[in-house]
Amino acid sequence: MTAAPCCDEFARLSRRGLLGALAMAGTATAIGSAVVTASPARAASADAVLVVLSLRGAADGLSLVVPHGDPVYYAARPRIAVPAASLLAKDDMFGLHPKLAPLLPLWRSGRLAAVHATGLPAPNRSHFAAMEEVEDANPGSAARQGWLNRLIGTDARRSPLQAVNLGGGVVPTSLYGAEPVMSTGSVDAVSIPGDDQWDTTGGRVRSLHTMWDGDTGPLGRAVGSAFAAVDSFGPAREAADRSATYPSTDLGRALAQVARVVRGDVGVEVVTVDQGDWDMHSDLGTLEWGRMRRNAEDLAGSVAAFFADLGPLSSKVTLVTISEFGRRVVENDSNGLDHGYGNVMLLAGAGVKGGRYYGTWPGLAETLDADLLVTTDYRSVLAEVVASRFRASTAEVFPGFRPEAVGVMTSL
């Protein structure tokens, strides 16, 4: 069977195209590149920070964390399998793709772990529907509220600085909901457009205050929230930009911005970042060529640079990777893989019981439509992060879901 380089559905689903209309619905108001909802901003130091890194397009977890101990893996992928001899951090069953080498210090120091055979409770091979389901994390509900928005709603704070989406001008589904959040393309872009000064003494800003400060309606409150958020975000903007120490990629630049926000200590508790495109129907390749080696190298180099940049502050930052679904077990005729089911999640940083692989391995099948089956609901992994790092109610964040123990996180 043959396949196109990228399926038509995913090609249409850019961050702006997929989520823009959803994010701008409701009470969100855009002022320049900042998108906030009607709530006063209040900067406060965050004890824990969660960075959710979405591998958009459905990453192949069987290439990132290779089940070399399952003989079906090599039988099903005669051209694109990663040789066992090249794998890193091997145990009897798993090993890391060699392009993940920059992450080895985190692994060896017990700050990086992998949970395999994770995913949705039922297969969903539509990029659009699967992204929505993963980020909403409340199957069957008609409420437009993502799991991260529910998370920041479990405490008494109501600040758009609690949760920030970096790298795009809209809010992802995971952050969408009643709680105030911010979305911006970069730290430096958080400003009032047309004003050359960071403070609010400029003529344009003064005019906007005159226009809106007395307005008690939803739009007036949103504008007031934007002013307060921009003002409170100042320490992050003043934090040193160390992007030169990161890979010169979109992900590297985005994580450099995240580090500035963390070092600025403006009260951000949740940050979302995307990396794409992982929709490798063709040209996934080998260790010598192809798209997988490039993406894996970017992922590892950027995450390693991020934790190095944070230094001592990494003790309060936990990073989790997630993808909407995995890929098929059997390679296709285009040196790629079609849409599948189960996947792997990587966790790094604070609270992670690293240096090992987690999850129940279901075994692989070599039939044409075979998937990696899901033995760990992805919400069980996220629930451990939520409970251990934020002491939040998992019943509130994941309504109607009863998590199973994974063991990948320690308590605070």
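None of these values were measured; they are calculated from a predicted model. Note on numbering: residues in each chain are counted from 1, in written sequence order. The predicted origin of the model limits local features to residues at a pLDDT of at least 70 and limits the giving and counting of side-chain atom pairs to 80 or more, whereas totals for whole chains, interfaces and linings rest on all residues. Only hydrogens and water are removed before side-chain values are computed, so all heavy atoms of the structure are retained for them.

Q: Would you mind going over unusual backbone geometry in detail, with residue names and values included?
A: With an omega of 15°, the peptide bond between G276 and D277 qualifies as cis. With respect to the helices and strands, D277 occurs in the loop between β9 (270-275) and α12 (291-310). Despite not being glycine, A137 has its phi angle at roughly 55°, a positive value. Within the element layout of this structure, A137 appears in the loop between α6 (127-136) and α7 (147-152). Here a strand is any run of E in DSSP of at least two residues, a helix any run of H or I of at least four, and the numbering for each starts at the N terminus.

Q: Could you give an account of the pattern of salt bridges, with specific residues and numbers?
A: Just to be clear on terms, a salt bridge is a Lys or Arg side-chain nitrogen sitting within 4 Å of an Asp or Glu carboxyl oxygen. Throughout the structure, instances matching the rule amount to 17 salt bridges. The partner of R56 in a salt bridge is E135, and the shortest N-O contact between them spans 2.4 Å. You can see R56 sitting in the loop between β3 (49-55) and α3 (61-64) and its partner E135 sitting in helix α6, a full 79 residues away along the chain. Partly exposed describes any residue whose relative accessible area lies between the buried limit of under 20% and the exposed limit of over 50%, with all areas from a 1.4 Å probe on protein chains only and scaled to the type maximum. Relative accessible area serves as the criterion here: at 10%, R56 is assigned to the buried category. Residues K99 and E297 are paired through a salt bridge, measuring 4.0 Å at the closest nitrogen-oxygen approach. You can see K99 sitting in the loop between β5 (95-96) and α5 (104-108) and its partner E297 sitting in helix α12, a full 198 residues away along the chain. Using a relative accessible area of 25% as the deciding quantity, one classes K99 as partly exposed. Look at the salt bridges and you will find they share partners, linking R125, R328, D369 and D371 into a network.

Q: How would you explain the packing of aromatic side chains if you had to name every residue and give the values?
A: Only Phe, Tyr and Trp rings take part, Trp by its six-membered ring, and two of them pair if their centres are within 6.5 Å. Stacked means planes under 30 degrees apart, edge-to-face means over 60, and tilted covers everything else. Applying the stated criterion across every chain yields a total of 6 aromatic pairs. Centroid distance F94 to Y357: 5.4 Å. Interplanar angle 45°. Geometry classified as tilted. Of this pair, F94 sits in the loop between α4 (71-76) and β5 while Y357 sits in strand β12 (residues 357-358), placing them 263 residues apart in sequence. Residue class for F94 comes out buried when judged on its relative accessible area of 7%. On the basis of relative accessible area, Y357 is assigned to the buried category, the value being 11%. Consider the rings of F306 and F307, whose centres lie 5.2 Å apart with planes at 70°: the pair is edge-to-face. The same class applies to F306 and to F307, which are both buried. In this analysis the charged atom, NZ for Lys or CZ for Arg, is taken to sit over a ring once it is within 6 Å of the ring centre and within 35 degrees of the ring normal. One Lys or Arg, R356, reaches over the ring of Y358 and ends 4.2 Å from the middle of that ring. Cation over ring: R379 sits above F401, and NZ or CZ is 4.1 Å from the ring centre.

Q: Could you give an account of the nonpolar core, naming the residues involved and the relevant values?
A: Within soluble globular proteins, side chains that are nonpolar tend to cluster in buried spots. Core analysis: the biggest nonpolar cluster contains 77 residues, and V258, V303 and F306 have the highest contact counts within it. No other element matches the 10 residues that α12 contributes to this core. Note on contacts: a residue pair is in contact if any heavy atoms of the two residues lie within 4.5 Å. The contacts of F306, once residues within four sequence positions are left out, are V51, Y246, L255, V258, A259, V317 and L319. Residue types Ala, Val, Leu, Ile, Met, Phe, Trp, Tyr and Cys, when buried and joined through side-chain atoms within 4.5 Å, form a set referred to as a nonpolar core. In this structure, A113, W147, L148 and F398 belong to the second largest nonpolar core, which totals 38 residues.

Q: Got a sec to walk through the side chain of D338? Specific residues and values, please.
A: With respect to the element layout, D338 can be found in the loop between β10 (317-322) and β11 (343-349). The charge count treats Lys and Arg as positive and Asp and Glu as negative. His and the chain ends do not count. This buried residue, D338, is left without a salt bridge; R327 holds the nearest opposite charge, at 5.4 Å. Polar contact is the term for a pair of N or O atoms within 3.5 Å; when the atoms are in protein, one must be able to donate a hydrogen and the other to accept it, and sequence-neighboring residues count only if both atoms are side-chain atoms. For D338, the side chain forms a polar contact with the side chain of H281, separated by 2.9 Å.

Q: Go over the environment of E297, please, and point to the residues and values.
A: By relative accessible area, E297 is classed as partly exposed at 42%. Separated by 197 residues in sequence, E297 and L100 have C-alpha atoms that sit 6.1 Å apart.

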